[in-house]
There are 2 protein chains.
Amino acid sequence: MKCPKDLFPTRLERKVDMFGRLDPVVHTPESEWDKGPLTREQVRDFDERGFLFFESFFQKEEMEKFIEELQDYEKDENVKASEGAILEPGKEEIRSIFGIHEFSERFDRLTRDPRLLAMVQQLLNSDVYIHQSRINYKPGFKGKGFNWHSDFETWHSEDGMPAMRCLSCSIVMTDNDEFNGPLMLVPGSQNKFVPCVGRTPEDNYKESLKSQNLGVPDEASLTELMDNHGIEAPKGPAGSLIMFECNTLHGSNANMSCWPRSNLFFVYNSVRNTLVEPFCGNKPRPQFLANRKNLEPLTPV
Amino acid sequence: MKCPKDLFPTRLERKVDMFGRLDPVVHTPESEWDKGPLTREQVRDFDERGFLFFESFFQKEEMEKFIEELQDYEKDENVKASEGAILEPGKEEIRSIFGIHEFSERFDRLTRDPRLLAMVQQLLNSDVYIHQSRINYKPGFKGKGFNWHSDFETWHSEDGMPAMRCLSCSIVMTDNDEFNGPLMLVPGSQNKFVPCVGRTPEDNYKESLKSQNLGVPDEASLTELMDNHGIEAPKGPAGSLIMFECNTLHGSNANMSCWPRSNLFFVYNSVRNTLVEPFCGNKPRPQFLANRKNLEPLTPV
C-alpha cells in the first residue's frame, strides 16, 4: 500500500479552520447528469445538499423479512458476543451490528439491489464495493443518540480512505418519526472539511462506537454550518431511503418514544478509492469496520 | 397542617398499575365552559388532551426584555451560586433557575398577566397562586433532555400537593423547533396516575433536578399511553405558550442544534390545594421548589 499525502489533516493538537472539499460531490461530469437512473434535478440536489431522501423506496412488506432476521439476531447470544456487535454504553442492549452483509445472505443481496447500485454508480461514476455495513438499533426509551460527525473524517483518519468518493445508503427498517431519534443532517455541509482536535488513541473504536467524542467538529464550525444551512431530519415509513455523501455532517438524538428505530447502513466506496494505511498513524481497524479484503466490484442481483 | 389520606400512592417498593385520575381536569362545571376567556372548544381540548398550545401568544418583541434579563443572570456568578440555580450534570452550564419570579419584578408581573391569569382561573375554577416558577435553559449542543414524568407525581410525593388542581404555563423564550429539544407531551395521559417504583431519598431534588431517575413511569405504562395517544411536540416562535395539566406526562430530548432553547414555566396552583406534609414522608423541599409561604391569590396587573 502506498501512502499518499494526507489531504485532510485531522485529530490535531490544535484547531485548524474548516476548508473547502477537494473532491467533487458528484463524480459524473455535469454533461452526463441526464443518463439516469437519477434525474438531473436529483443529481443537482445531491450535489448541493449532500443527501437525497426517497420515501418508501422499498415497500414496507419487503422490509418485513429483514426485520424478522434482525429480531433473531437481537436474541442471539453468539451475535451479541461477536466483535461486530456494539452494546450501548454501560448496558446490555445492542447499539450496532457491523458487517451484517457478511453473515446474512439476505442483507448481502440487498447491497446489490439493482436500483440502489445504479444510483450509487451514477453519483460516484465508478464501480463500487462495500466499505462497511451496519445496523444501528435504537430501542424505545433506551437508544442513545449519535454526536455530530462526518463519516469521512473517521474513515480517512482511522481507516486510510484517501478521498471523498464514497456514500452511505441508510434504509429505514422501522418507521422513523420525530420522536424515535431520526437521522439529522446539515445540508451543504459536505462541501467543508472540518479538521478535529485530539489525537486518536489505539483501539479508539472500542469507545467511539458507543459514544463518539473524538472526530466531533468544534462548536464554532458546526454553528456556522447550521446557521447557514439549517438542519433536516427526513422521516418516513419503513423502507424509506436516505443516500448521503460521506462528508455530510449528521447525527441523531436519543429515542424518547416507545417505538424502536432501526436503520440499516450500507457504505459504498469507489473501487478507485480503496483504503491505504490509516492517516492517524495507528494500526488498521478490524475488517468488520473497514473492509480491506473484498474489493470486487458489486454486480446487481 | 392536616395530613389527608394519600390518594396517589407512589415511590413504592413494587409496581402498582396505573389508575384513573380522581379529580376533574377542568374544574369548572361543563355548563359554565362558555364563560371565557377560553372557548368551549379550547376547554374541551384541554379536558381531553391535557394541554393547549397558543402560537405567538406573546409577541416576540415582548419577550426580548425577558431574554435580556435572562442573559444577565447567565453571566451572574451570584445567581449561579444560589440554591435555585441547577447546573447541568458534571458541567458549568445552568440547567434551570427556580424561583425566577421571586427575584425579578419583570417575571413576577408576568405571572399576573391578565390574559394568563383569566385562562388559568377558568380551568381551575378558583383563585390561584404560584407553586413554583423556573427557567429551563437548554444551551445549543450542551443542553440535556428531561425524562418522561408527571409533575404532579413529584409535587404530590415530595411536596405534599393533595390533588390535581394545578397547571403549568410554559412560555417559549426562544424559538422552539424540532432540533433544539422542544417540550414533548403525551396527550390524554393526564387521565391516568402512574405510581412509580423506588423510595425517595432525603434531598432527592439535588439529583433529580439534574437528571430524573425516580418518579419516571415504567416502560409498560408509558408504552400503553403512547400507543393509545401518541406524542406531540408543539413548536413555535418565542412568545408561544403551552398550558399543560399537572399530571400530563411530558419530557424532552437533548438540544442537538446550535440554537439555545429557553422555556419559562409558571406553575399555578389552586388556593384550595395548598401543600401539606410531603406524602413520601421526607421533610419538605426548599421554598424555591415548593412555595408554602406566599399563598395570596394572584390579582391581574
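Our subject is the structure listed above.
Residues numbered from 1 in each chain as written. Chains lettered and ligands numbered in written order. Predicted model: local features only at pLDDT ≥ 70, side-chain atom pairs only at ≥ 80, totals over all residues. Heavy atoms only, no water.

Asker: I'd like to hear about the pairing of strand β10 (residues 241–245) of chain B, residue by residue, with values.
Answerer: Residue and element names in this part refer to chain B. A large share of β10 lies buried, amounting to five of its five residues. Of the two faces of β10, both are covered, the one formed by L241, M243 and E245 as well as the one formed by I242 and F244. Relative to β10, strand β2 (residues 51–54) runs antiparallel, the two sharing four bridges. Paired with L52 across the two strands is M243, which belongs to β10. Note that strand β7 (residues 166–172) and β10 share five bridges and pair antiparallel. From the neighbouring strand, C169 faces β10, where its bridge partner is M243. (Buried < 20%, exposed > 50% of the residue type's maximum accessible area, 1.4 Å probe, protein only. Helix = DSSP H or I, 4+ residues; strand = E, 2+ residues; numbered from the N terminus. Pairing = 2+ DSSP bridges.)

Asker: I'd love a proper account of the interface of chain A and chain B, names of residues and values included.
Answerer: Taken together, the 25 residues of chain A in the interface contact 25 residues of chain B. Taken over both partners, the interface formed by chain A and chain B buries close to 2100 Å², and the fraction arising from carbon and sulfur atoms is 64%. Taken as a group, F141(A), F179(A) and M256(A) account for 31% of the area that chain A buries against chain B, more than any other trio of residues on that side. The tally of links from chain A across to chain B stands at four salt bridges. Where E219(A) meets K142(B), a salt bridge forms, and the shortest distance between an N and an O atom there is 3.1 Å. Our count for the chain A to chain B interface comes out at 10 residue pairs in polar contact (both at pLDDT 80 or more). If you list the elements that add at least two residues to the side of chain A that touches chain B, you get β6 (146–149), α9 (219–229) and β11 (250–252) of chain A. The dominant element in the side of chain A that touches chain B, judged by the number of residues it contributes, is α9(A), at five residues. When the residues that make up the side of chain A that touches chain B are grouped by side-chain class, the tally is 13 nonpolar, six polar and six charged. (Contact = heavy atoms within 4.5 Å. Buried area = accessible area lost by both parts, 1.4 Å probe. Salt bridge = Lys/Arg side-chain N within 4 Å of Asp/Glu carboxyl O. Polar contact = N/O pair within 3.5 Å; in protein donor to acceptor, adjacent residues only side chain to side chain. Nonpolar A, V, L, I, M, F, W, Y, C, P; charged D, E, K, R; others polar.)

Asker: Lay out the side chain of S189(A) with the relevant residues and their values.
Answerer: Mapped onto the elements, S189(A) comes out in the loop between β8 (183–185) and β9 (192–193). Of note is the side chain of S189(A), whose polar atom sits 2.6 Å from the backbone oxygen of V186(A).

Asker: Any details on the layout of surface pockets? Residues and values, ideally.
Answerer: Residue and element names in this part refer to chain A. Of the volumes computed, that of the largest pocket is approximately 1500 Å³. Taken together, the residues that form the lining of the largest pocket break down as 18 nonpolar, 18 polar and 14 charged. Its boundaries defined by the atoms lining it, the second largest pocket holds a volume of some 410 Å³. Forming the boundary of the second largest pocket are 22 residues, of which E74, Y137, T174, P260 and S262 lie nearest the centre. Looking at the lining of the second largest pocket, the element that brings in the most residues is helix α2 (residues 60–75), giving five residues. The residue makeup of the lining of the second largest pocket, split by class, is nine nonpolar, five polar and eight charged. (1 Å grid on protein atoms, 1.4 Å probe; cavity = no way out; pocket = protein on both sides within 12 Å on 5 of 7 lines; lining within 4 Å. Points joined across faces, edges and corners; volume = space filled by probe spheres on them.)

Asker: So what about the environment of R40(A)? Which residues, and what values?
Answerer: All names here are of chain A. Among the structural elements, R40 can be located in helix α1 (residues 40–49). Once the C-alpha coordinates of R40 and E30 are considered, the two residues, 10 residues apart in sequence, prove to be 8.8 Å apart. What R40 contacts, discounting residues up to four positions off in sequence, is E30, S31, W33 and D34. A distance of 3.1 Å separates a polar atom in the side chain of R40 from a polar atom in the side chain of D34.

Asker: A description of the sheet that holds β11(A) should follow, citing residues and the corresponding values.
Answerer: All names here are of chain A. Taken in spatial order, the three strands of this open sheet run β6-β11-β8, and their pairing is antiparallel. Among the strands making up the open sheet, the edge pair consists of β6 and β8. Across the sheet, the mean angle from the axis of one strand to that of its neighbour is 25°, orientation sign disregarded. Strand direction decides the pairing type here: β8 and β11, joined by three bridges, are antiparallel. Bridge pairing links L185 to H250 in β11. (Axes fitted to C-alpha atoms, helices over the stretch in contact; angles between N-to-C directions.)

Asker: Can you tell me about the sheet that holds strand β5 (residues 128–136) of chain B, naming the residues and giving the values?
Answerer: Each strand in a sheet pairs with another by means of backbone hydrogen bonds, the pair being arranged parallel or else antiparallel. All names here are of chain B. Strand order in the open sheet formed by seven strands is β2-β10-β7-β12-β5-β4-β3, with antiparallel pairing between adjacent strands. Edge positions in the open sheet fall to β2 and β3 (85–87), since each of these has one partner strand only. Each strand axis lies, on average, 15° off the axis of its neighbour in the sheet, ignoring direction. Judged from the eight bridges that link them, β5 and strand β12 (residues 263–270) form a sheet pairing that is antiparallel. The residue bridging Q132 from the neighbouring strand is V267, located in β12. The strands touched by helix α7 (residues 151–159) are β5, β7, β10 and β12; relative to β5, the strand with the most contacts, the crossing angle is about 115°.

Asker: Would you mind going over the relation of the copies chain A and chain B in detail, with residue names and values included?
Answerer: Overlaying chain A with chain B gives an RMSD of 0.0 Å, the required rotation being 180° about an axis along which the chain moves by 0.0 Å. The transformation just described matches what one would write down for a two-fold rotation axis. Both copies share a contact surface, since 100% of the interface residues of chain A are interface residues in chain B too. (Least-squares fit on C-alpha atoms with pLDDT ≥ 70 in both.)

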